[in-house]
Amino acid sequence: MSRQEEARIIPTTGRNNCGGRCVINAYVKDGKIEKLTTDTKHESGEGIPLTACIRGLNYHKTFLGEDRLRYPMKRTGERGEGKFQRITWDEAIDTIASQWVRIRDTYGPGSRYVNYATGVSALMRGSSLAKRLLSLDGGFLDYYNSYSTACIRQATELMYGTCRTGNCLEDWLNSNLLLLWGHNPAETKFDSGTMYYLKKAKEKGIPIVVVDPRRNDTVQELDAEWIPIRPATDSAMMDAMAYVIVEEGLWDKAFTDRCCLGFDREHMPEGIAPSECYLSYLKGERDGIAKTPRWAEKITGVSAQQIRSLALRYGTAKPGALIQGYGPQRHAYGEQIARGGIMLACLTGNVGVKGGWASGVADCIRHKNPSFPQPPNPYGMKIPVFLWTEAVVRGHEMTESDGVLIDRRISRTHLDSDIKMILNLAGNCLINQHSHINRTSEILKDTSKCQFIVCSDLFMTASAKYADILLPGVSMFECENITMPWQYGDFLGFGNQVIDPLYECRFEYDWLCEVAERLGLGREFSQGRTGGQWLEFLYNGLREEETELPEYKIFKQKGIYRYKNNPHIIAFEKERADPDKYPFPTKSGKIEIFSEKVYRTEYKDCFPAIPRYVEPPEGAQDLLSDKYPLQLIGWHTKRRCHSIHDNNRAMDKADPQRLWLNPQDAQARELKDGDMALVWNDRGRMMIPVKVTDRIMAGVAALSQGAWYRPDGEGTDRAGSINVLTSLKPTPYARGNPQHTNLVEVKRAEEEA
Ligand SMILES: Nc1nc2c(c(=O)[nH]1)N[C@H]1C(S)=C(S)[C@@H](COP(=O)(O)OP(=O)(O)OC[C@H]3O[C@@H](n4cnc5c(=O)[nH]c(N)nc54)[C@H](O)[C@@H]3O)O[C@H]1N2
Ligand SMILES: Nc1nc2c(c(=O)[nH]1)N[C@H]1C(S)=C(S)[C@@H](COP(=O)(O)OP(=O)(O)OC[C@H]3O[C@@H](n4cnc5c(=O)[nH]c(N)nc54)[C@H](O)[C@@H]3O)O[C@H]1N2
Ligand SMILES: [Mo]
């Protein structure tokens, strides 16, 4: 190539799981990326913005750095020690194929597991491709749930019978109040359009209120009202708001009478005592405690007056939208909080109306996304994703009472085996993103338990160190893929290949094809297609349904397609208008405020039949708080996508890793802003500088999740990796991850920051 070559501009798009998808234009010269720019088209009126943020504009600096994994390697030291030796691709693939077969033949196909991994959140992703190959080879232990939405999805499904509870985002402009409950899209994006429409709403003068223990970036960016609340107490505040709404005659009784089950005595399932209804709980008919704002004030730390005022505002907004983030449900009893939001939407009749919002997980699908075809998994059993460490230790004992889902055609009662093989492809949940790192590490270090671990990543992450075979993956710049919007968006993105793969790096599909060859499944697995041919094939399949899509060649050339034809969706419009003709997709045909299914199970104490507040373990009232007086929550920072970009030090300036402490808590510990602190509980310890700020309420500490775990010689983490402090105890119903519920203590560290 000549030195004078002009830079070529290649459109591509990110594929990490940050909630946003953005247009990235790569300027390439002499096979190197010179710079990245992004989309500005929306300013001239072309749909929602797909503008890259600081992460997107840093993709090349993060992904193409010197610290990339370069060659396949095998473990030489103890597992987790991080000692490896370079091997050839042939040796790596031979080892994988032979362990794959040995473990299948010794322990059964269900001893093989593919870890949750979102590093490549695109159409072709290593984790689902590996599942495809395992299905063709007798099956594997699958999972359900995610680390993102375990509680809120199951709660939404329980009450509405579906997760499609979201209106389209434009509809926020029809609302009179936007109440963001534990929601911080200024950092978490949630979708490329979320902040765009919130800003438009703000411009229109629609009030925006945020309930969060932290004055989060969304409050700052929108200059919104902030109501601080003690973590994991939200459903007490929701109860008290419901109390006020009923007392003040703002209850939309016509709606609950017609569409809901279990709100009041007159609408209970047959055969259940009327006193079990939610209203009777609110009034304290059985326990003698009316769930007044005063009652909730003590639990939540929100003043009775503020609770009352918010209840009146939401109750009179007509319509108002109570929009839930996922933070409040990533808690020990996260299901209840998610249910509480739905209950308030029902009580105020904000379901099925323009400008309202049914709450819950709020899926809204206007266009079909392409998906990779998966053959049925002959093994037929699934665990809740958060319980994979449990399944390494005692899988063979795990039954439906541990949340195991068993295909009805299979006459088994428990898993056949513990997990013996893990494929961890583009994920950091093996260590960094799972809970209780010290315990997880102990489980994985025992090579007699899980006997074989394959990781494919770009970097030597905390998880990669636990691999037996460690493979170098390619980044978004080194192969093609199709990306889809995260939640509500209306576009498809094409990630063009921009440069050749670095070193000996390979896309997971390519080496999986070779493993398939070794297993005699080459043809069945690949169907004779390269990765690129699969993309074209699947895209063309989608075009038959989404007829607006352009030809593949044009799509690829432009790198993005924004749908022009986008219906205005209001969830449950039909059900509200005519519930007899269009029942809700639940067993009763109504929105189940009271759940008979839950009533008849064993969870009653920690997960009652109605969405009432239940005090969680490691909450503010737990006796353990004598020893560990601070509630520690995490959050998803703009500085990273989970653990991605942590190694890009230039990003530190966007949000340096710090433990947030209220001045009152800092002063009591003689800590000043920037001082080094020791943070600990019974599960682990870390050292990290503090940020002293009144952006966090007293009694609460906050640390953004995702920093790369870096233990010193004594096992104290020096990076501020929150999962050294989090718990493995799953939530009662969804068996979700409670990673925001933690009690800790903090003191000044001897060392300087
Ligand atoms: N920049 C960036 N964006 C991301 C990601 C990322 O890692 N980085 N991850 C993406 C993914 S996969 C997901 S699942 C989403 C995550 O999205 P969320 O789960 O919604 O994000 P969080 O930051 O965990 O929580 C949102 C807010 O809830 C608050 N919160 C925590 N506990 C409580 C509580 O008990 N009550 C109340 N009211 N609020 C509480 C937090 O302070 C935070 O401001 O974000 C996506 N977007
Ligand atoms: N304490 C706490 N823990 C949490 C959360 C929390 O709120 N608090 N949030 C949870 C949530 S919501 C989620 S979704 C999970 C996310 O957990 P993970 O899916 O494990 O997320 P990442 O840390 O982004 O891991 C992605 C990995 O893929 C690698 N990678 C990136 N791009 C590529 C690529 O192109 N090819 C390959 N081969 N590898 C690539 C990255 O280097 C990184 O190691 O974390 C969960 N963990
Ligand atoms: Mo997530």
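Treat the numbers as computed from the prediction; the structure is a model and nothing was measured.

A. Fine view of the domain arrangement of the chain. Annotation of the chain at the domain level lists domain 1 (73–147 + 379–476 + 500–529), domain 2 (151–364 + 575–605) and domain 3 (623–748). Its C-alpha centre places domain 2 at a distance of 29 Å from the equivalent point of domain 3. In this assembly, domain 2 packs against domain 3 so that about 2400 Å² is buried in total across both faces, 56% of it on carbon and sulfur atoms. Run the count over domain 2 and domain 3 and you get three salt bridges. Residues Lys 638 and Asp 217 are paired through a salt bridge, measuring 2.5 Å at the closest nitrogen-oxygen approach. Linking domain 2 with domain 3 are 17 residue pairs in polar contact (both at pLDDT 80 or more), by the criterion used here.

B. Examining the nonpolar core more closely. Membership of the largest hydrophobic core comes to 60 residues, with the highest contact counts inside it found for Met 241, Leu 344 and Ile 591. If sequence neighbours within four positions are ignored, Ile 591 has contacts with Met 159, Tyr 160, Phe 255, Cys 259, Cys 260, Leu 261, Cys 346, Val 351 and Phe 584. Core analysis: the next-biggest nonpolar cluster, separate from the first, contains 57 residues, Leu 444, Ala 467, Leu 661 and Ala 666 among them.

C. Region of the structure containing the site of ligand 1. Inspection of the region around ligand 1 gives 36 residues, with Cys 18, Thr 188, Asp 212, Asp 234 and His 642 positioned closest. One nitrogen or oxygen atom from the main chain of Thr 637 is found 3.0 Å from a nitrogen atom belonging to ligand 1. His 642 is positioned with one of its backbone polar atoms (N or O) 2.6 Å from an oxygen atom of ligand 1. Across the complex, the protein chains shield 100% of the 910 Å² of accessible surface that ligand 1 would expose by itself. Only helix H5 (185–188) and strand E22 (630–635) provide two or more residues apiece to the shell around ligand 1.

D. Spotlight on the packing of aromatic side chains. Evaluation of the coordinates by the stated rule reveals 29 aromatic pairs. The interplanar angle of 50° and the centroid separation of 5.1 Å between the aromatic rings of Phe 572 and Phe 584 together place this pair among those described as tilted. One end of the pair, Phe 572, is in the loop between strand E20 (560–562) and helix H20 (573–577); the other, Phe 584, is in the loop between H20 and strand E21 (591–592), and 12 residues separate them in sequence. The two residues Phe 572 and Phe 584 agree in class, both being buried. Put simply, the rings of Tyr 113, Tyr 116, Tyr 143, Tyr 147 and Phe 386 touch in pairs and so form one group of aromatic residues. A cation over a ring is seen here: Arg 214 above Trp 660, with NZ or CZ 5.1 Å from the ring centre. Above the plane of the ring of Tyr 281 lies Lys 291, whose end atom (NZ or CZ) is 4.2 Å from the centre.

Conventions and cut-offs
Residues numbered from 1 in each chain as written. Chains lettered and ligands numbered in written order. Predicted model: local features only at pLDDT ≥ 70, side-chain atom pairs only at ≥ 80, totals over all residues. Heavy atoms only, no water. Domains from an automatic or database assignment. Buried area = accessible area lost by both parts, 1.4 Å probe. Salt bridge = Lys/Arg side-chain N within 4 Å of Asp/Glu carboxyl O. Polar contact = N/O pair within 3.5 Å; in protein donor to acceptor, adjacent residues only side chain to side chain. Core = buried A, V, L, I, M, F, W, Y, C linked by side-chain atoms within 4.5 Å. Buried < 20%, exposed > 50% of the residue type's maximum accessible area, 1.4 Å probe, protein only. Contact = heavy atoms within 4.5 Å. Near = heavy atom within 4 Å. Areas by Shrake-Rupley, 256 points an atom, 1.4 Å probe, with all protein chains shown as cover. Helix = DSSP H or I, 4+ residues; strand = E, 2+ residues; numbered from the N terminus. Phe/Tyr/Trp six-rings, centres within 6.5 Å; stacked < 30°, edge-to-face > 60°. Lys NZ or Arg CZ within 6 Å of the ring centre and 35° of its normal.

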